[in-house]
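Survey of secondary and tertiary structure
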Amino acid sequence: KYDNIRIGLNSRLDTLQAVILNAKLTIFDEELAMRNKVASMYQQQLRGHLKVPEIKAGYISSWAQFTVRAKDEIERDKILQHLKNNNIPTAIYYPIPIHRSTAYANLKSNTQTLVTCDKLSRTVFSLPMHPYLKQVEIEEICSKIKEIL
């Protein structure tokens, strides 16, 4: 499922999705502001407990995901299980680093060359992220994380 066997393109915008996207563009600025507000609440609540993403002053993000980092794989697995037990969805988008996929098997890399990438693949996970998350939901998610830590 997570092994890329060929190098190629991922183009998912069909006609129906284009129509929906066109309609959503009318609320783009509002949703972008709401996503940044959600990210800010996560940052405030989780800073000091997990490594949280930070955006440089003067910049914003569309926050397609809100990916945090645990100190190690054991801590991540413990958090993920606790969140799952509490019906809070999470995702690990790249459990296999791209350089370890079949498509890139011919790279002259070894376990020492992309150490940070390998470590991140074992320690990061993404929390629910969308513009309509309520403060109480964010507080519940963060509370469950702090509870298990």
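Overview of the structure. Note that the structure is predicted; figures quoted are calculated from it, not measured.

Another aspect to go through is the overall build of the protein chain. Counting its regular elements, the protein chain contains five helices and two strands. Reading the protein chain from its N end, one meets helices and strands in the order α-α-β-α-α-β-α. Principal-axis analysis of the C-alpha atoms places the extent of the protein chain at approximately 45 × 45 × 35 Å. Put simply, the protein chain has 149 residues, and 29% of those count as buried. Sequence-distant contacts, at least 24 apart, represent 74% of the contacts inside the protein chain between residues at least 6 apart. For the protein chain, the computed accessible surface area is about 10500 Å², with 54% contributed by carbon and sulfur atoms. Treating the 21 positive side-chain charges of the protein chain as one cloud and the 15 negative ones as another, the clouds have centres 5 Å apart.

Inspection of every chain in the model, using the stated rule, returns six salt bridges. Its salt-bridge partner being D118, residue R100 comes within 2.8 Å of it at the nearest N-O pair. Of this pair, R100 sits in the loop between α3 (73-85) and α4 (115-123) while D118 sits in helix α4; the two residues are 18 residues apart in sequence, bridging distant segments of the chain. Given the relative accessible area of 8%, D118 is considered buried. Its salt-bridge partner being E147, residue K144 comes within 3.6 Å of it at the nearest N-O pair. Taken together, the residues span about one helical turn, with K144 and E147 both in helix α5 (residues 135-148) at a distance of three residues. Salt bridges sharing partners connect three or more residues here, namely E140, K144 and E147.

As a further point, take the nonpolar core. The tendency in soluble globular proteins is for nonpolar side chains to be buried as a group. Counting 23 residues, the largest nonpolar core has Y42, L46, F66, F125 and L127 as its most contacted members. Of all the secondary-structure elements, those providing two or more residues to this core are α2 (28-46), β1 (66-69), α3, β2 (124-127) and α5. Sorting elements by how many residues they give to this core places α2 first, with five residues. If near-sequence neighbours (up to four positions away) are discounted, F125 is found in contact with L50, F66, T67, V68, A70, R76, I79, L80, L83, T90, A91 and I92.

Time to look at the environment of E73. You can see E73 is positioned in helix α3. Judged by its relative accessible area of 38%, E73 falls in the partly exposed class. Note: C-alpha distance between E73 and L120 (47 residues apart in sequence) is 9.3 Å. Sequence-distant contacts of E73, that is, excluding residues within four places in its chain, are made with R122 and T123.

So, how was this worked out
- Residues numbered from 1 in each chain as written.
- Predicted model: local features only at pLDDT ≥ 70, side-chain atom pairs only at ≥ 80, totals over all residues.
- Heavy atoms only, no water.
- Helix = DSSP H or I, 4+ residues; strand = E, 2+ residues; numbered from the N terminus.
- Buried < 20%, exposed > 50% of the residue type's maximum accessible area, 1.4 Å probe, protein only.
- Contact = heavy atoms within 4.5 Å.
- Areas by Shrake-Rupley, 256 points an atom, 1.4 Å probe, with all protein chains shown as cover.
- Lys, Arg positive; Asp, Glu negative; His and termini not counted.
- Charge placed at Lys NZ, Arg CZ, Asp CG, Glu CD.
- Salt bridge = Lys/Arg side-chain N within 4 Å of Asp/Glu carboxyl O.
- Core = buried A, V, L, I, M, F, W, Y, C linked by side-chain atoms within 4.5 Å.

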